[in-house]
Every structure is written in C-alpha cells, then in structure tokens.
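Report on the structure
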There are 2 protein chains.
Amino acid sequence: MGKQQFVILEVIYPGMTQLDFTAPHTIFSRIPGVRTIVASPAGGEVECDGGLAFAGTAKLAEIEGCDLLFVPGGWTTVTMINDDGFMGEIRRLAAGATYLTSVCTGSLILGAAGLLVGKQAASHWAWREMLRLFGAIPGAERVVRDGNIITGGGVTAGIDFALVVAAELAGETLAQSLQLGIEYAPAPPFDSGRPDLAAPEVMRIIEKRFETVMPAQWEQARAAAGRMS
Amino acid sequence: MGKQQFVILEVIYPGMTQLDFTAPHTIFSRIPGVRTIVASPAGGEVECDGGLAFAGTAKLAEIEGCDLLFVPGGWTTVTMINDDGFMGEIRRLAAGATYLTSVCTGSLILGAAGLLVGKQAASHWAWREMLRLFGAIPGAERVVRDGNIITGGGVTAGIDFALVVAAELAGETLAQSLQLGIEYAPAPPFDSGRPDLAAPEVMRIIEKRFETVMPAQWEQARAAAGRMS
C-alpha cells in the first residue's frame, strides 16, 4: 500500500447479521494504513439482527469510492438485492474498487450486481446454491478467492476471511499479529458447525426453523436474478 | 428455564472491544426463552473500538436485575474498574444474578467487584496475570468455569464461551444448532492465536505495541485492587 490510505467500505443495512460485519470490522480496523468506512442506504442508525443497532453510519450515496468493497449478509439480503437504488450504489462502488469481498449471504449482493458471473464464491451453507442464479460457482470452502474477489462462508467464517484479507493487504506476519491480538485459537465446545458434522437431531432443529422461511428467500433471490437480464 | 423469560444483561461501555460483546450477543439472542438487554453507564449511544458505535443502549442504573450478568473487556476496562458508580452497579446486579460471566478483560470487572476471590477465571492472555490482584486464580483455558462463574479468554474466545453458556441454559443439542446456524467450523488461515503458537517476529509486533501501554494498564488495575477492601 502507498502513502494514501486504503479505504475499506463496509456496507450495512437493516436486518443484516451484525456478526457478519463486526468480526471482519475488528480485523480491518486494525490493519495499518487502512481507513474503514461503515455506510448504509439511509445513513445514520441501522438496526441489525438480535436487536442491536449501530449509530452514525455514512450514507452510501455520499461515498465517493473505495479500494475494497465489503458486503455482509443476513435474512434481509434477498430484499436488498431487489432494491434498485441500493444495487445501483453497489455497482457504482464496485466499479472503482480493487477488491470485491463478502461474508455469508453478502455474496448474493455481489452476484445480483452481476459481479460474479463465471466466478467462484462462498456463502452461508444454507444459501450457497442460490449463487448459481447469478451465474456464480458456489464454493464450499470457508474462504474462497477468485482473482480479486474474496468471499467468506456463513457468519463466523468472517474471521478467517478477514485474516486472509489482512494478509493480502499487509502481509502474513502482520495478519498473524492481529490473530494473536484477538486470541483466535478457536476451541469450539462442540463440532457441529457444518451440516456434514452436525447430528441428525441438530439438523432437524435448523431444518424446522428454515422450512417456513427458505421458500420466500428463494423466491426473492429468483426475482433479483430476473432483473439481471 | 421456567415460563418467565431469562434475562441476560450485557454491560457495555465506551472504548470496549466490540467483538467481545457482539459475538456472544449473536448466540445469546438466539437462545429460546432468553431476553437480552444491552446496557451502558450513561445509556444511549456507546462508541467502542474501531470507531463502531451502538445506539439505544439502556441505562445501567435503571436495570432492575438479571439472571445472567455478562461483561466484555477492552482497553478501557481498567478505567471502568476505578469508577465507583459503575462498580456499584456491577455489584448490585451481580448480587441478584444466578450466573456471572465475562469475556476477555471483562473478568477484571468481576474481579474488582470482589466476585472472584479464590475463584478460577479466564482473561485475554496479555492481561491474565492481573486477575491475581483481585484474589482470582488465572486459568489459561479458553473457557473457564468455576461454579456459576463462566469466563472466556481474549476476544474471539467469546464464541466458544457463549456456546458453553447456551448449552448450560438450553441444552447441548440447541447449542449445537446455534453453532450450525453461524457456521462455526473455524479454519484459521494461520496458527498464531496464542503466544505459545506465534512466531517470534509476530510476538515482537505485539510486544512493541504493548510495551508503551501495558504499564499504565497495570497501574490502573493495581489502583482498583487497592480500592477493594
């Protein structure tokens, strides 16, 4: 990176999963020479999942540009990809960015913006197949890189993803020092973080929760794909 | 848990490390039958590390009580433990809680409140020894349990910690379904999350950053310990 600050633009929106964004933000904001900007469609206060609200976000339309565009996901992602104003801003900002990045269903935003055609990308395991609607190739890895497109899997994959980004921007030694600072030597008490690892009764809890909501998620994703033309 | 909602009180304060709190919040807020309250000394907006600000927090003094008290950490924790008003509220709320919990240097708050005398507790690796100032026994594990006191290590240990809490409150199967929902099957790109794992050049970056700030951290912790008796 040169003398000028490298701008990471983090795009948040109502209803998104806050951890998709807060975990990478911790790492991004500690990379020397990086300036992070948190922006949202309306600016100001943004309420996310779990009732948590962020204050003082910038207004997306007022951001001139960025070097790295980062979009997190959430239950409302499929709503946002049908919002022409929002998607226009994403396309405008992506056009000037060196890196396009996402965590969780954030990759559906990159996809619906037409940025993933023929590209490999990650997403939350339960949404991954929707990427095909946008011409993308779903990757099951926790962090998927295709050229300057770097995408992470579901929610907590954002930590692994952001460390990969930190190494890209500032080198592996610096990235490792950030890992040490946040004591990221994970030791999950259980081993059920992926469908292939989870017990049948654990899968049933998730499936029961998802069966009422996933049809509408697919419907909205298809509608967004229909707008791509 | 009975029919009445189980209240988890998450205490945040200016300058704290937002990920200490946002990762557990994601898990806590998804436990059935749990109500999470985010409170701060002054209420309203709270600015944390990395420039992130949370809106609409409750005022600590106005919280009647809770079933589980949770305190995250940060660079400003040692300032907070010298704030009599804040520590008075912590003692009051702890007195009525069934569980006392923390992540990262949040355990220094429990310690300075006199709640960890003779108890084992975790903390961020670089602050862990400060726990002895408050009569606590530092534990190097990622999650340490001593009776109804459950504490997590530095920053990202909050995920492992919160899954342990979820299992305690709602059972292992439910906790595992939350782990699956946030796709927590960690795959760090590097293995430098603890001092014993990190390369010498990685340790040097951290040590250089810490050598200017840790003396003042110790001084404030000692001052707080002096106020205990």
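Look above for the structure.
Residues numbered from 1 in each chain as written. Chains lettered and ligands numbered in written order. Predicted model: local features only at pLDDT ≥ 70, side-chain atom pairs only at ≥ 80, totals over all residues. Heavy atoms only, no water.

1. Quick look at the pattern of salt bridges
Pairs may arise between side chains of opposite charge once their charged atoms sit close together. All names here are of chain A. Throughout the structure, instances matching the rule amount to 14 salt bridges over all chains. Arg 145 is the partner of Glu 168 in a salt bridge, and the nearest nitrogen-oxygen pair spans 2.5 Å. Of the two residues, Glu 168 sits in helix α5 (residues 157-170) while Arg 145 sits in strand β9 (residues 143-146), which places them 23 residues apart along the sequence. A relative accessible area of 40% means that Arg 145 is categorised as partly exposed. (Salt bridge = Lys/Arg side-chain N within 4 Å of Asp/Glu carboxyl O. Helix = DSSP H or I, 4+ residues; strand = E, 2+ residues; numbered from the N terminus. Buried < 20%, exposed > 50% of the residue type's maximum accessible area, 1.4 Å probe, protein only.)

2. Describing the side chain of Asp 49 of chain A
On the secondary structure map, Asp 49 of chain A appears in the loop between β3 (44-47) and β4 (53-59). From its side chain, Asp 49 of chain A meets the backbone nitrogen of Gln 18 of chain A in a polar contact 2.7 Å long. For Asp 49 of chain A, the contacting residues outside a window of four places in its chain are Gly 15, Met 16, Thr 17 and Gln 18 of chain A together with Arg 30 of chain B. (Polar contact = N/O pair within 3.5 Å; in protein donor to acceptor, adjacent residues only side chain to side chain. Contact = heavy atoms within 4.5 Å.)

3. Considering the environment of Ala 113 of chain B
All names here are of chain B. Here Ala 113 shows up in the loop between α4 (106-112) and β7 (120-121). What makes Ala 113 buried here is its relative accessible area of 10%. The spatial distance from the C-alpha of Ala 113 to the C-alpha of Ala 167 is 27 Å, given a sequence separation of 54 residues. Not counting residues within four places of it along the chain, the set of residues in contact with Ala 113 comprises Met 87, Ile 90 and Arg 91.

4. Observations concerning α5 of chain A
Residues and elements named next belong to chain A. Here α5 contains 14 residues, and its C-alpha end-to-end distance of 20 Å stays within 8% of the 20 Å for a straight helix at 1.5 Å per residue. Counting buried residues in α5 gives 11 out of 14 residues, a clear majority hidden from the surface. Burial in α5 covers these residues: Ala 157, Gly 158, Ile 159, Asp 160, Phe 161, Ala 162, Leu 163, Val 165, Ala 166, Ala 167 and Leu 169. Downstream of α5 by a residue or two, Gly 171 has a phi angle that is positive, lying close to 95°. (Expected span 1.5 Å × (residues − 1).)

5. Description of a negative patch on the surface
A contiguous patch of negative charge on the surface is contributed by Glu 45 and Glu 47 of chain A together with Glu 45 and Glu 47 of chain B. Of all the elements in the fold, those that place two or more residues in the negative patch are β3 of chain A together with β3 (44-47) of chain B. Within the secondary structure, Glu 45 of chain B is located in strand β3. (Patch = residues over 30% accessible without salt bridge, like charges linked within 9 Å, V, L, I, M, F, W, Y side chains within 5 Å. Areas by Shrake-Rupley, 256 points an atom, 1.4 Å probe, with all protein chains shown as cover. Lys, Arg positive; Asp, Glu negative; His and termini not counted. Charge placed at Lys NZ, Arg CZ, Asp CG, Glu CD.)

6. Some thoughts on the relation of the copies chain A and chain B
By a simple turn and slide, chain A fits onto chain B: the slide is 0.0 Å along the axis, the RMSD is 0.0 Å, and the turn is 180°. Those values place the two copies in the arrangement expected of a two-fold rotation axis. Looking at the rotation axis and the C-alpha trace of chain A, the residue lying nearest is Phe 54 of chain A, at 2.2 Å. The share of interface residues of chain A whose copies in chain B are also at the interface is 100%, consistent with both copies meeting through the same surface. (Least-squares fit on C-alpha atoms with pLDDT ≥ 70 in both.)

7. Digging into the pairing of strand β5 (residues 68-71) of chain B
Residues in a regular strand point their side chains to alternate faces of the sheet. Residues and elements named next belong to chain B. Taking every second residue as pointing to the same face, both faces of β5 are buried, with Leu 68 and Phe 70 on one and Leu 69 and Val 71 on the other. Relative to β5, strand β1 (residues 6-11) is paired through three bridges, and the arrangement is parallel. The residue of β5 that forms the bridge with Ile 8 is Leu 68. (Pairing = 2+ DSSP bridges.)

8. A short note on the nonpolar core
Core analysis: the biggest nonpolar cluster contains 166 residues, and Leu 9 and Leu 69 of chain A together with Leu 9 and Leu 69 of chain B have the highest contact counts within it. Those residues in contact with Leu 9 of chain B that lie beyond four places of it in its chain are Ile 37, Ala 39, Leu 60, Ile 63, Cys 66, Leu 68, Leu 69, Phe 70 and Leu 93 of chain B. (Core = buried A, V, L, I, M, F, W, Y, C linked by side-chain atoms within 4.5 Å.)

9. Comments concerning the packing of aromatic side chains
All chains considered together, the criterion is met by 21 aromatic pairs over all chains. On the basis of an interplanar angle of 70° and a centroid distance of 5.6 Å, the ring pair of Trp 127 of chain B and Phe 210 of chain B is categorised as edge-to-face. Residue Trp 127 of chain B is located in the loop between β7 and β8 (137-138), and its partner Phe 210 of chain B is located in helix α7 (residues 200-211); the two are separated by 83 residues in the primary sequence. Following the ring pairs from residue to residue traces out a cluster consisting of Phe 21 and Phe 54 of chain A together with Phe 21 and Phe 54 of chain B. (Phe/Tyr/Trp six-rings, centres within 6.5 Å; stacked < 30°, edge-to-face > 60°.)

By themselves, these observations are geometric and do not establish any function.
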